[in-house]
Amino acid sequence: MGSSGIFEPANIGGIALRNRFIRSATHEGMGDGDGAPLESLEKLYVRLARGGVGAIVTGYAGVLQQGRCNFPGMLMIDDDELVPAYRRLVGAVHREGAPLILQIAHCGRQTRSMVTGMCTVAPSPVRDGYYSEEAPQELTEAGIREIIDAFVDAAARAKTAGFDGVQLHMAHGYLLAQFLSGHSNRRRDRWGGSLENRFRIVSEIMGGIRKRLGDYPVLAKINGYDGMPGGMRVGEAVKIAMMLEVAGCSAVEVSSGTIAEGLAIMRGPKLPMEAVLAANFKFKSIPRMLKPVMGRILPVVVPSGPKPLSGYNLEASRAVRAAVSIPVVVVGGLHTLAESSRAIGDGAADFVSMSRPFIIEPSLVRKYEEGRQAASKCTMCNYCTIMIEKEPLRCWNGRLPQGV
Ligand SMILES: Cc1cc2nc3c(=O)[nH]c(=O)nc-3n(C[C@H](O)[C@H](O)[C@H](O)COP(=O)(O)O)c2cc1C
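Keep in mind that this is a model prediction, so the values were computed, not measured.

Trainee: So what's going on with the overall build of the protein? Residues and values would help.
Mentor: For the protein, the count of helices and strands is 14 helices and 14 strands. The globule rule puts the C-alpha radius of gyration for 404 residues at 22 Å, and the 20 Å found for the protein is close to it. In terms of principal-axis extent, the alpha carbons of the protein reach across some 55 × 50 × 40 Å. Expressed as a percentage of its 404 residues, the buried residues of the protein come to 53%. Counted over contacts in the protein with a minimum sequence separation of 6, partners at least 24 positions apart contribute 73%.

Next up, the structure:
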């Protein structure tokens, strides 16, 4: 396929897309105190839809208060009262010709009880390497059941609100990834041990959704691999994708990395120190006079994350695609038209998704299509990634304005 095929209409789990570009889930911090979408989010999605993207996946929406993330403004989908606000959002995006998919998530141990007001939970009481201040509580059978029901209820609300589908967040070390990974799941009951057992929570969620919502599109974002000892590797990810297909999943998006590995999920050339010192909960309250010293020490002691910076999930995606017949989406450092076209043309994936390129340019796909631009202007400075801890999503272009 030349670059032209990527602009042809395509279908993902019954959802019609005008091209093969997807906006990958990106936390926007544009939810109100209850997690309902604010007007700013509608404006952003309308810009993305007008900018020609094939489909939009929302930032992660929490299925339970206990699973809320530690960033402000997270979307929530834990209450029927939220449905009318989402219906308005979906309507605005549909009018611009783009499908909207709700990513549903539970953060498990990758959050802070100080923010959720509740103990963090995980499959096993293993401390996270980054959220290390607290050991999570091991989930009980009843706790797991509550989470399964919350995911199913969330999908039902998404369908009622008119979303074209949901995406289960099973990547990046969040709760479902914690169950799948042998690093964080040390259980010896039916929820741990063999891959079948570690996958059980996902298969019960899928089964619950299928029973309640029929063939409503359910996508999944998985980790092709991570860098944790005893964690996810491509061979297991391939089996998980196959199990997802059997469970009735509509499409798989392949990503990688966990928060504890530094900037492994969204790679960049260096740690955005200025942003870390301004916004990160571990550093923002250190005295101002110490910040320059910390700024020099941190890049030495904290690794900036793995390399290469582009196309780092292509091999995992290719392996997954060879094993399943549902569509495969690849994400991660695919910031040029040539890389995206190649990913599809040589069979690594059926769709390409991007996050950071759409933060700096919501209309990137249109620019690609009209031949006005062949690469994203994103420099991978990752200020966007760090600053969502403090402010709603935007491109900072590697610099904080005075006073931030
Ligand atoms: C600010 C920011 C927020 C993100 N929020 C989410 C999220 O809510 N859910 C998710 O699955 N991935 C999230 N990601 C990861 C992206 O979807 C994507 O996997 C990653 O950034 C690599 O793709 P890119 O090189 O196109 O940015 C986020 C990334 C960024 C930069």
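Still to come is the rest of the account.
Trainee: So what's going on with the site of the ligand? Residues and values would help.
Mentor: Residues in close proximity to the ligand total 25 residues, the closest being S24, A25, M266, S355 and R356. Of all elements in the fold, only α12 (356–360) and α14 (383–387) reach the threshold of two or more residues within the shell around the ligand. Tallied by class, the residues present in the shell around the ligand amount to 11 nonpolar, 12 polar and two charged.

Trainee: Report on the environment of D32, specifying residues and quantitative values.
Mentor: Relative to the helices and strands, D32 is located in the loop between β3 (21–23) and α1 (39–50). The class for D32 is partly exposed, based on 15 C-beta atoms found within 10 Å. Spatially, the C-alpha atoms of D32 and P72 are 8.9 Å apart, while their sequence positions differ by 40 residues.

Trainee: Outline the packing of helix α2 (residues 83–95) against helix α4 (residues 141–161), listing residues and values.
Mentor: Interhelical geometry of α2 versus α4 gives an angle of 50 degrees and a closest axis separation of 8 Å. Between α2 and α4, the angle falls in the class oblique. Crossing angle aside, the handedness with which α2 passes α4 is right-handed. For the pair formed by α2 and α4, the contact residues are V83, Y86, R87 and V90 on the first element and R157, T160 and A161 on the second. When its residues are assigned to classes, the contact of α2 with α4 shows four nonpolar, one polar and two charged.

Trainee: Describe the pairing of strand β14 (residues 351–354), listing the residues and the values that go with them.
Mentor: Neither face of β14 is open: one carries F351 and S353, the other V352 and M354, and all of them are buried. Alignment of β3 against β14, held across three bridges, turns out to be parallel. Within the sheet, the bridge partner assigned to R23 lies in β14 and is M354. The pairing of strand β13 (residues 328–331) with β14 spans three bridges and is parallel. By the bridge assignment, V329 is partnered in β14 with F351.

Trainee: Outline the nonpolar core, listing residues and values.
Mentor: The biggest cluster of nonpolar side chains holds 123 residues, and the ones touching the most others in it are I104, V252 and V330. The element that contributes the greatest number of residues to this core is α4, accounting for 10 residues. If we ignore the near neighbours within four places in the chain, the residues touching V252 are A220, I222, A241, L244, V320, V324, I326 and V328.

Trainee: So what's going on with the pairing of strand β12 (residues 251–255)? Residues and values would help.
Mentor: Counting buried positions along β12 gives five out of five residues, so the element sits mostly inside the fold. Across the two faces of β12 the burial is the same, with A251, E253 and S255 and V252 and V254 all buried. The pairing of strand β11 (residues 218–223) with β12 spans five bridges and is parallel. Across the sheet, residue I222 finds its bridge partner in β12, namely V254. Traced from β11 through helix α7 (residues 234–246) to β12, the parallel crossover comes out right-handed. Here β12 pairs with β13 via three bridges, running parallel. For E253, the partnering residue across the bridge sits in β13 and is V329.

Trainee: Lay out helix α10 (residues 314–323) with the relevant residues and their values.
Mentor: Among the residues of α10, those classed as buried are L314, A316, S317, R318, V320 and R321. Residues of α10 that are buried in the fold lie against α7, β12, β13 and α11 (337–345).

Trainee: Requested: an account of unusual backbone geometry, with residues and values cited.
Mentor: The linkage connecting K307 with the following residue, P308, adopts the cis geometry, with an omega of 0 degrees. Here P308 shows up in the loop between α9 (291–301) and α10. One non-glycine residue, H172, adopts positive backbone phi at about 60 degrees. Turning to its location among the elements, H172 is positioned in the loop between β10 (165–170) and α5 (175–180). Unlike most non-glycine residues, M380 shows phi in positive territory, near 60 degrees. The topology assignment puts M380 in the loop between α13 (364–369) and α14. Its 21 C-beta neighbours within 10 Å are what place M380 among the buried residues.

Trainee: So what's going on with the packing of helix α6 (residues 195–213) against α7? Which residues, and what values?
Mentor: At their nearest, the axes of α6 and α7 sit 11 Å apart, and the two run at 45 degrees to each other. Accordingly, the angle class assigned to the pair α6 and α7 is oblique. Two packed elements cross with a definite hand, and for α6 against α7 that hand is right-handed. Here L195, F199 and S203 of α6 come into contact with α7, specifically with E236, K239, I240 and M243.

The rules behind each value
- Residues numbered from 1 in each chain as written.
- Predicted model: local features only at pLDDT ≥ 70, side-chain atom pairs only at ≥ 80, totals over all residues.
- Helix = DSSP H or I, 4+ residues; strand = E, 2+ residues; numbered from the N terminus.
- Rg over C-alpha atoms; globule rule 2.2 N^0.38 Å.
- Buried ≥ 20, exposed ≤ 12 C-beta atoms within 10 Å, placed from the backbone.
- Contact = placed C-beta atoms within 7 Å.
- Near = placed C-beta within 6 Å.
- Nonpolar A, V, L, I, M, F, W, Y, C, P; charged D, E, K, R; others polar.
- Axes fitted to C-alpha atoms, helices over the stretch in contact; angles between N-to-C directions.
- Parallel < 35°, antiparallel > 145°, perpendicular 65-115°, else oblique.
- Left-handed = near helix turned anticlockwise from the far one by under 90°.
- Pairing = 2+ DSSP bridges.
- Core = buried A, V, L, I, M, F, W, Y, C linked by C-beta atoms within 7 Å.
- Right-handed = clockwise from strand over helix to strand, strands pointing away.

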